[in-house]
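Notes for the structure review
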Amino acid sequence: MVHIFNHNYNGELYNFLWDVESGSLHNVDDAAFLCAKKRYSRTFDTEEEAKFKAIDKELVKQINNEFDLLEKEGSLNAPPQITEFHKDADEVKALCLNVCHDCNMRCSYCFADGGSYHTAERAYMSKEVARKAVDFLIENSGKRKNLEIDFFGGEPLLNLSVIKDTVEYAKQQAKQNGKFFNFTTTTNCVLLDDQTIDYLNKEMCNVVLSLDGREETHNKVRRCLDKNMGYKQILENAKKMKKTRGDKSYYVRGTFTALNLDFSKDILKLNDEGFDQISVEPVVTNIPSLEIKDENIEQIKKEYQTFANEYLNRRQTDKWFNFFHFMNDLETGPCVNKRMTGCGAGTEYLSVSPNGDIFPCHQFVGISEFKIGNVFESIDRQDVRQRFSGVSVLSKPECKECFAKYYCGGGCMANSYKYGKGLDSIYEKGCELTRKRFELSLAINGIEKIMEQKGNG
């Protein structure tokens, strides 16, 4: 399968051919672009036909000969390399610990209903449960040496004492069992005082900072229970966290809704404030005032297009930054598991609720159909894990002809379950935006390499 597209940057049109199966990106001239469309595209229109006929026939022959060579070497129109896939559901490498089902913010789009996960009780994980979760991960990790624990909520820093105890316990157990732990956490930045920042910098290999961009955007949807803690203080807390991280990973994670379809301004605001690792995601909700509707999709695509060009501009200045959805490694690409399933929910990645119940991921927490077991009793629903292990881009008919499938992995299974037709389906609006972002990421990758070559030349 060959995806054929172009991108206009600073008045120059760049033409690309993306070979889905080999992961090869080709930059071609206008004549080769038309020849490729004629050869591979199902949407070769009347205007393109006229332009194609105007190309010298000898040149068309030469171009097609080159395409023949590229096909022979396997970098164009390559056949599928993987025709069967079933993910291993025996070993676990990562746990998301929901250390509290409580939050000091009430964000209107929160999938977890203000951190409560739709329960009356705002539960906190005990040290006993957290330690047992560590034991469970080690016992179920098989031969894996590198393990991960992600502290999540609600707002996990509300239960910082349990986080600290868990980290120390996990490091002790790692030494005894020949393992190594990486720790990560997500925070809304409200509780980031100097002492907490120092601790997170010492122990967390990655910290995700939730912040939605401009003040007016943030204040529309993110309400803090502490009336004294406004946007400016939260922003300053996040900036202090970033400034003191050194070479350790972090990123700012925002959400855009129907209230800010000009979300590129929020991304650029975060960059203007000094952040160089940024992710701003489209909301996934059915709240009428916030949800992304079908009629918003084309506007959002145009916004991504505009943003991509400013992104390219800034990456040539001292405002260089990474945008999560444009970070695709075309040299090595994702591993097989990532290409086929996107994430390891239900198999190598599991989530633990405050009482120790185990679920496929944090978005399935509390849904009884997907309860896998409990850390005190281990796994008693292996059939649920097997169900997840069978979900891949090969099991979803909608993924078959999608050029982004190996960098998407079929999308979020929780979104497919909640807003699609089940685990083996897709979340259609998410797919639309994923394809646009991926195409732009390919163009950015190609244009940056062309610019680099011109600079070296």
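Here is a short report on the structure shown in this document. In this text the structure is predicted, and so the values were computed from the model without any measurement.

**Things to note about the packing of helix α1 (residues 30-40) against helix α3 (residues 57-73)**
- The contact between α1 and α3 brings their axes to 10 Å, and the two run at 65°. Comparing their axes, α3 and α1 come out roughly perpendicular. Taken as a pair, α1 and α3 cross one another with a handedness that is right-handed. For the pair α1 and α3, the contacting residues are Ala 31, Ala 32, Cys 35, Ala 36, Arg 39 and Tyr 40 in the first and Leu 59, Val 60, Ile 63, Asn 64, Phe 67, Asp 68 and Glu 71 in the second.
- For the contact of α1 with α3, a count of residues per class yields nine nonpolar, one polar and three charged.

**A short note on the pattern of salt bridges**
- By the definition in use, this model includes 32 salt bridges.
- The residue Lys 171 makes a salt bridge to Glu 203 at a minimum N-O spacing of 3.2 Å. Taken together, the residues Lys 171 in helix α5 (residues 160-177) and Glu 203 in helix α6 (residues 194-203) connect sequence positions 32 residues apart.
- What makes Lys 171 partly exposed here is its relative accessible area of 32%.
- Note on Glu 203: relative accessible area 10%, which makes it buried.
- Note that Glu 215 and Lys 232 form a salt bridge whose closest N and O atoms lie 3.0 Å from each other. With Glu 215 in helix α7 (residues 215-221) and Lys 232 in helix α8 (residues 231-243), this pair connects stretches of sequence that are 17 residues apart.
- Residues participating in the shared-partner salt-bridge network are Glu 91, Lys 93, Arg 144 and Glu 348.

**A few points about the packing of aromatic side chains**
- In this structure the tally under the stated criterion is 26 aromatic pairs.
- Between Phe 256 and Tyr 304, the ring centres sit 6.4 Å apart and the planes meet at 75°, which makes this aromatic pair edge-to-face. Placement of Phe 256 in strand β8 (residues 249-256) and of Tyr 304 in helix α10 (residues 297-314) is noted, with a sequence separation of 48 residues between them.
- The exposure class assigned to Phe 256 is buried, which follows from its relative accessible area of 0%.
- With a centroid separation of 5.1 Å and 70° between ring planes, the pair formed by Phe 323 and Phe 326 is classed as edge-to-face.
- The buried category is assigned to Phe 323, whose relative accessible area is 0%.
- The class for Phe 326 is buried, based on a relative accessible area of 6%.

What counts as what
- One numbering rule holds for all chains: residues counted from 1, following each sequence as written.
- It should be noted that, the model being predicted, local features are given only for residues of pLDDT at least 70 and side-chain atom pairs only at 80 or more, the latter also being counted only at that level, while totals for whole chains, interfaces and linings use all residues.
- Computation of side-chain values: all heavy atoms of the structure, hydrogens and water removed.
- Working convention: axes come from line fits to C-alpha atoms, limited for helices to the stretch in contact. Angles between N-to-C directions cover 0 to 180 degrees.
- In this description a helix means any DSSP run of H or I spanning at least four residues, a strand means any run of E spanning at least two, and both kinds are numbered starting from the N terminus.
- With respect to orientation, any angle under 35 degrees is reported as roughly parallel, any angle over 145 as roughly antiparallel, any angle of 65 to 115 as roughly perpendicular, and every other angle as oblique.
- By convention the crossing between two helices is left-handed if the near helix lies anticlockwise of the far one by an angle smaller than a right angle, and right-handed if it lies clockwise.
- We call two residues in contact when some of their heavy atoms are within 4.5 Å.
- Gly falls in the polar group here, along with every residue not listed as nonpolar (Ala, Val, Leu, Ile, Met, Phe, Trp, Tyr, Cys, Pro) or charged (Asp, Glu, Lys, Arg).
- Salt-bridge detection follows one rule: a side-chain nitrogen of Lys or Arg within 4 Å of a carboxyl oxygen of Asp or Glu.
- The rule is simple: take the accessible area with a 1.4 Å probe, protein chains only, and divide by the maximum for that residue type; under 20% is buried, over 50% is exposed, in between is partly exposed.
- In this analysis, rings of Phe, Tyr and Trp, with Trp reduced to its six-membered ring, are considered paired at centre separations within 6.5 Å, and the interplanar angle assigns stacked below 30 degrees, edge-to-face beyond 60, and tilted for intermediate values.

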